[in-house]
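# Tertiary structure, described
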Amino acid sequence: MHGAYKVPYASRGSILGATEATALGQLLESGESLSMGTWRERFERRFSEYAGTRYALSVTSGTVALELAVHLLDLAPGDEVVVTPQTFQATVQPLLDRQVRVRFCDIDRESLNMDPAVLKGLINDRTRAILLVHYGGWPAEMDEIVTMARERGILVVEDCAHALGARYDGRRPGSLGDIGCFSFHSSKNITTLGEGGMLTFDRDDWAERIDRLRSNEVDGVFVDGSASPLDAPELLPWMKYSSSVYRDACLGVRRSGTNATLSEAACVVGLHQLDRLESLVERRRAIAARLNAVVDRHPHARAGRPRPGVHHAQHLYTCFVSGPRGTREALVRGLDARGVEVQLRYFPLHLLPEWRSRGHEPGECPVAEELWFTEHVNLPCHPGLSDEQVDHLADALDAALEDARAVIENAESRTESRTTVPSMKETSHAAH
């Protein structure tokens, strides 16, 4: 389609308004530090209460949160990690830097989340971690997955980038496994001025390690080295470092530190965005319900429904269309022609060249491949859509699904013609 779409895909997944602008203005006028101040503490405290974890530590992006989460796993060469292929590449990309075997677990046809039945066959004595995503905001079947993991001492990392606002049997994503990783990118359910991330967990040692790393300090193994004969000069009161710089001895460095401090401006916005979260997610659910009603009218289309107790955050709206070759393409082209922008999320990761170079190949995750290449469609579903745009989206989807049905009927008609028209040999025989 040429020109602007009537119903664009989300460039912003949240709504920012006067409340956030006022809070930013007050911060700027206050003269307070714009880094590592009280707003970060308040945002993290509120977020930990929301997620239901002891700790919530903010960082500069969801990608950084995932990188640091993988670091906390303390993986060694030869370890195995099971991951999902149906996610953004940032979920599993940190594993490319480690000498570990990555095993891609195929997905469930309805939720597009990691399939616990497939996972069971991939776990062995070398498995150290599971990295999964709550695809589109639909929580994975965590009870089954975590039970399998606990039996073998395997750590579970939840990529919760889509799942803010979801619930799983009364609990929040980010508290269901061992480590939760959230994104506050511009497209997500809330944002901290375009970028931002959070790690959630319950372990004291991990909190200490992440706090050091994000503050440009080394994640190392330190012991009391006060018995050392080091001839230390005197540290005066106004010097930055405490006497521990002489007292401690470092036995090893796990990783050098970095600056991953989320700014005070981002945190003050994040705090107010949390106040908006429930209403933003409710708007997403209302749009999804409208689209579900359209899909349900067409027998060649479907949209999954979470089981009772599982509440979808609707970061993505995903539906599927089945039929002969060209059916999905007819649907997408019909939507595009009617001014609806469509994006497919996400390309099966095991087929990316960097993972093929590690031995992965087509056929490894047949369900993920089949759905993405032939049936999978993502439609706009974000709170910035007006009622008029939602009406247009629903009408366009209805009409485009009719386009797809025509492709199916034409294919069926051709098949029927081939089976009912007698062959030349049969005609000749009948003439004799």
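Conventions used here
Residues numbered from 1 in each chain as written. Predicted model: local features only at pLDDT ≥ 70, side-chain atom pairs only at ≥ 80, totals over all residues. Heavy atoms only, no water. Axes fitted to C-alpha atoms, helices over the stretch in contact; angles between N-to-C directions. Helix = DSSP H or I, 4+ residues; strand = E, 2+ residues; numbered from the N terminus. Parallel < 35°, antiparallel > 145°, perpendicular 65-115°, else oblique. Left-handed = near helix turned anticlockwise from the far one by under 90°. Contact = heavy atoms within 4.5 Å. Nonpolar A, V, L, I, M, F, W, Y, C, P; charged D, E, K, R; others polar. UniProt positions renumbered as here; feature names shortened; annotations may be inferred. Buried < 20%, exposed > 50% of the residue type's maximum accessible area, 1.4 Å probe, protein only. Polar contact = N/O pair within 3.5 Å; in protein donor to acceptor, adjacent residues only side chain to side chain. Phe/Tyr/Trp six-rings, centres within 6.5 Å; stacked < 30°, edge-to-face > 60°.

### Concerning the packing of helix α1 (residues 18–30) against helix α8 (residues 264–295)
To characterise two packed helices, one gives the angle between the axes of the helices and the distance between these axes. Closest axis-to-axis distance for the α1/α8 pair is 9 Å, and the angle between their directions is 150°. Overall, the two elements α1 and α8 adopt an arrangement that is roughly antiparallel. Here α1 and α8 pass one another in a crossing that is right-handed. Here Thr19, Glu20, Ala23, Leu24 and Leu27 of α1 come into contact with α8, specifically with Glu264, Ala265, Val268, Val269, His272, Gln273 and Arg276. When the residues that make up the contact of α1 with α8 are grouped by side-chain class, the tally is six nonpolar, three polar and three charged.

### Some thoughts on the UniProt feature "active site" (unreviewed entry) in the chain
Under the UniProt annotation, the feature "active site" (unreviewed entry) is placed at Lys188. Turning to its location among the elements, Lys188 is positioned in the loop between β7 (179–183) and β8 (197–201). Taking the relative accessible area as the measure of exposure, Lys188 reaches 12% and is therefore buried. In this view, Lys188 contacts Gly13, Ser14, Ala161, His162, Ser183, Arg284 and His315; residues no more than four positions away in its chain are not counted.

### Brief notes about helix α3 (residues 62–72)
Because each turn of an α-helix spans 3.6 residues, side chains separated by three or four positions in sequence point in the same direction. The element α3 is extensively covered by neighbouring structure, given that nine of its eleven residues are classed as buried. N-cap assignment for α3: the residue whose side-chain oxygen lies 3.4 Å from the backbone N of Thr63 is Ser61. Immediately downstream of α3, the backbone of Asp74 shows phi near 50°, a positive value.

### Examining the packing of aromatic side chains
For any two aromatic rings, the description comes down to two numbers: the centre-to-centre distance and the angle of the planes. Inspection of the entire model under this criterion finds twelve aromatic pairs. Summarising the aromatic geometry, the rings of Phe88 and Tyr346 are spaced 6.1 Å apart at their centres and angled 50° between planes, so their arrangement reads as tilted. One end of the pair, Phe88, is in the loop between β2 (80–83) and β3 (101–104); the other, Tyr346, is in the loop between α9 (327–337) and α10 (353–356), and 258 residues separate them in sequence. Using a relative accessible area of 44% as the deciding quantity, one classes Phe88 as partly exposed. Tyr346 gets classed as buried once you look at its relative accessible area, which sits at 11%. One aromatic cluster in this structure is built from Phe43, Phe47, Tyr50, Phe182 and Phe184.

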